[in-house]
Amino acid sequence: MQVTAPTSLSSAELAVWDRLAPSALRMGTLTPETVPGFILLVQTMMARDEAAAVLARDGLVVNRTVHQVSTHVRQMTQRLESLLSRFSLLPTGRPVERPRPARVDDVDEWESGHDFYGVVRKPQPTRERGMSRPTA
């Protein structure tokens, strides 16, 4: 399924989209229906990165107090972690169930000469009615 980036994204947001979208598409979590949530993920990541840049520039302590932006960075990181998890982009994300390949019916497998595990069966000699068992 092909999902394209909305034209409303800025060039910086588009760069984040291009970095994250292939993985989300591969996981099956980025669909046309989930695009608004993915846009929120991109925008949250951009806001967190901008706040982290301010914190890196100014330092954690400004005028003997903790920088106001540090709380913002922490909150945005928590939101970002939640959004990344929703799109299965974190190792802790839930595995997404993928469609399983169609399986041949057990009867067809038996008739084709394969057992349940796909191993080729050796043909067994058949005994006709009235035949006695061979004695050892």
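We now turn to the structure provided with this report. All figures in this text were calculated on a predicted structure; none of them were measured in a lab.

1. Quick look at helix H3 (residues 68–86)
- Taking 1.5 Å of rise per residue, 19 residues should cover 27 Å, and H3 covers 28 Å from first to last C-alpha, within 8% of that figure.
- Residues Val69, Ser70, Val73, Met76, Leu80, Leu83 and Leu84 constitute the buried set of H3. Looking straight down H3, one finds that the buried residues subtend no more than 140 degrees of arc, so they occupy a single side. Turned more than 90 degrees away from the buried face of H3, the exposed residues are Gln78, Arg79 and Arg86.
- Contact partners of the buried residues in H3: helix H1 (11–27), helix H2 (35–58) and strand E2 (65–66).

2. Quick look at the packing of aromatic side chains
- Per the stated rule, a full pass over the model turns up 2 aromatic pairs.
- Taken together, a centroid distance of 4.9 Å and an interplanar angle of 85 degrees make the contact between Trp17 and Phe38 edge-to-face. With a gap of 21 residues between them, Trp17 in helix H1 and Phe38 in helix H2 connect regions that are remote in the sequence.
- Residue classification places Trp17 among the buried positions, given a relative accessible area of 2%.
- The exposure class assigned to Phe38 is buried, which follows from its relative accessible area of 0%.
- Relative to Phe87, the ring of Phe38 lies with its centre 5.1 Å away and its plane at 80 degrees, an arrangement referred to as edge-to-face. Taken as a pair, Phe38 in helix H2 and Phe87 in the loop between H3 and helix H4 (106–111) lie far apart in primary sequence, 49 residues in all. Each member of the pair, Phe38 together with Phe87, is buried.
- The rings of Trp17, Phe38 and Phe87 are connected pair by pair, giving a single aromatic cluster.

3. Digging into the packing of H2 against H3
- Where H2 contacts H3, the axes come no closer than 9 Å and their chain directions differ by 150 degrees. Looking at the two axes, H2 sits roughly antiparallel to H3. Here the hand of the crossing between H2 and H3 comes out left-handed. On the side of H2, the interface is formed by Leu40, Leu41, Thr44, Met45, Ala47, Arg48, Ala51, Ala52, Val54 and Leu55, while H3 contributes Val69, Ser70, His72, Val73, Met76, Thr77, Arg79, Leu80, Leu83 and Leu84.
- Tallied by class, the residues present in the contact of H2 with H3 amount to 14 nonpolar, 4 polar and 2 charged.

4. Side note on the packing of H1 against H2
- Relative to each other, H1 and H2 sit at 125 degrees, their axes nearing to 10 Å. Here H1 lies oblique to H2, going by the angle between them. Crossing angle aside, the handedness with which H1 passes H2 is right-handed. Mapping the contact onto sequence places Ala12, Glu13, Val16, Trp17, Arg19, Leu20, Ala21 and Ala24 in H1 and Val35, Phe38, Ile39, Leu41, Val42, Gln43, Met45 and Met46 in H2.
- Of the residues belonging to the contact of H1 with H2, the class tally is 13 nonpolar, 1 polar and 2 charged.

How each quantity is defined
Residues numbered from 1 in each chain as written. Predicted model: local features only at pLDDT ≥ 70, side-chain atom pairs only at ≥ 80, totals over all residues. Heavy atoms only, no water. Helix = DSSP H or I, 4+ residues; strand = E, 2+ residues; numbered from the N terminus. Expected span 1.5 Å × (residues − 1). Buried < 20%, exposed > 50% of the residue type's maximum accessible area, 1.4 Å probe, protein only. Arc of directions from axis to C-beta. Contact = heavy atoms within 4.5 Å. Phe/Tyr/Trp six-rings, centres within 6.5 Å; stacked < 30°, edge-to-face > 60°. Axes fitted to C-alpha atoms, helices over the stretch in contact; angles between N-to-C directions. Parallel < 35°, antiparallel > 145°, perpendicular 65-115°, else oblique. Left-handed = near helix turned anticlockwise from the far one by under 90°. Nonpolar A, V, L, I, M, F, W, Y, C, P; charged D, E, K, R; others polar.

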